[in-house]
Every structure is written in structure tokens, then in C-alpha cells.
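Fold and contact review
Below, each chain spelled out in residue letters.
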Amino acid sequence: PEEGIRILSLAPGDDNQLRVRRERVKADVFRPDARRLPTVSLEEAADKELADALQRQREQARETVKPPHLDTRRTKQLEADGDEDDELLYDFATKRDEAWDTWKEHHPPGSGNKGDHIY
């Protein structure tokens, strides 16, 4: 017996007609049509994918490089990351650390808005 497509309902006719119809159905199964044909070649698709990947990589690199005033790392974090040689980053981190120390001096622990400190 032949493996593959089995036709359950056929038009009435002699055996020869059934055989012809079966061969036509088999031939039509994998016939390319406009809905299934590729619109670009593999090379064009690969070029487009590569261009998209490079664009995403450039955008991601642009997002990760922050201006020094937007970098929120402290001096200890800069030293741990090995970026203490960048003077501009280190200056901003030092100013940030000094501002934090000043804030902590003006706001000792327990001086928050608790109910027992009402004047």
C-alpha cells in the first residue's frame, strides 16, 4: 500500500479517473502559492537582521553611557568598578557623598516625623 494522503470522499467514476484525481491532489498539496512564497531572499533577511541587531546594540550602548551628573554611584562603588581614574565621575561622586553626609548630620536618627516630636 502507498503511504501518504488518503482521500475519503471521491467523485464517482472508474478506477482510472480516481487515480488521476489522487495524483492531482498529491501534486497540489505542496504546490507553492502566493501566500507561502518568501518575499525576500535568505541573504536579504540576514542583512536586515544584522542591521537591526547592530542598531539595537548602538542604542543599548548609548543608554548605558550616562553623563557624569546622572551617574548615581558613590566613590566606593567607583573604586570597586575600577572607574576612580575618571576625574569628572569621581568629582560628582565626591559631591554626592558630601551632600549625603551633610544631610545625615542635619537629620540624626530618630528625628523623623514621629508623633512624639511635636512642638
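Residues numbered from 1 in each chain as written. Predicted model: local features only at pLDDT ≥ 70, side-chain atom pairs only at ≥ 80, totals over all residues. Heavy atoms only, no water.

1. Some details on the pattern of salt bridges
Inspection of the entire model under this criterion finds 3 salt bridges. The partner of D52 in a salt bridge is K48, and the shortest N-O contact between them spans 3.3 Å. Here D52 pairs with K48, and both are found in helix 2 (residues 42-64), just 4 residues apart, close to one helical turn. We classify D52 as partly exposed; its relative accessible area is 30%. Note that R74 is salt-bridged to D97, the shortest N-O span being 3.8 Å. With R74 in the loop between helix 2 and helix 3 (75-81) and D97 in helix 4 (residues 87-106), this pair connects stretches of sequence that are 23 residues apart. (Salt bridge = Lys/Arg side-chain N within 4 Å of Asp/Glu carboxyl O. Helix = DSSP H or I, 4+ residues; strand = E, 2+ residues; numbered from the N terminus. Buried < 20%, exposed > 50% of the residue type's maximum accessible area, 1.4 Å probe, protein only.)

2. Quick notes on helix 4
Within an α-helix, residues lying three or four positions from one another point in the same direction, as the helix has 3.6 residues per turn. Here helix 4 is 20 residues long and its end C-alpha atoms lie 29 Å apart, about the 28 Å a rise of 1.5 Å per residue gives. Along helix 4, the residues classified as buried are L89, A93, R96 and D97. Along the axis of helix 4, the buried positions cluster into a sector of 100 degrees, meaning they face one direction only. Within helix 4, the exposed residues directed more than 90 degrees away from the buried face are E87, K95, E105 and H106. (Expected span 1.5 Å × (residues − 1). Arc of directions from axis to C-beta.)

3. A closer look at the environment of P67
Within the secondary structure, P67 is located in the loop between helix 2 and helix 3. We classify P67 as partly exposed; its relative accessible area is 35%. Separated by 21 residues in sequence, P67 and L88 have C-alpha atoms that sit 9.7 Å apart.

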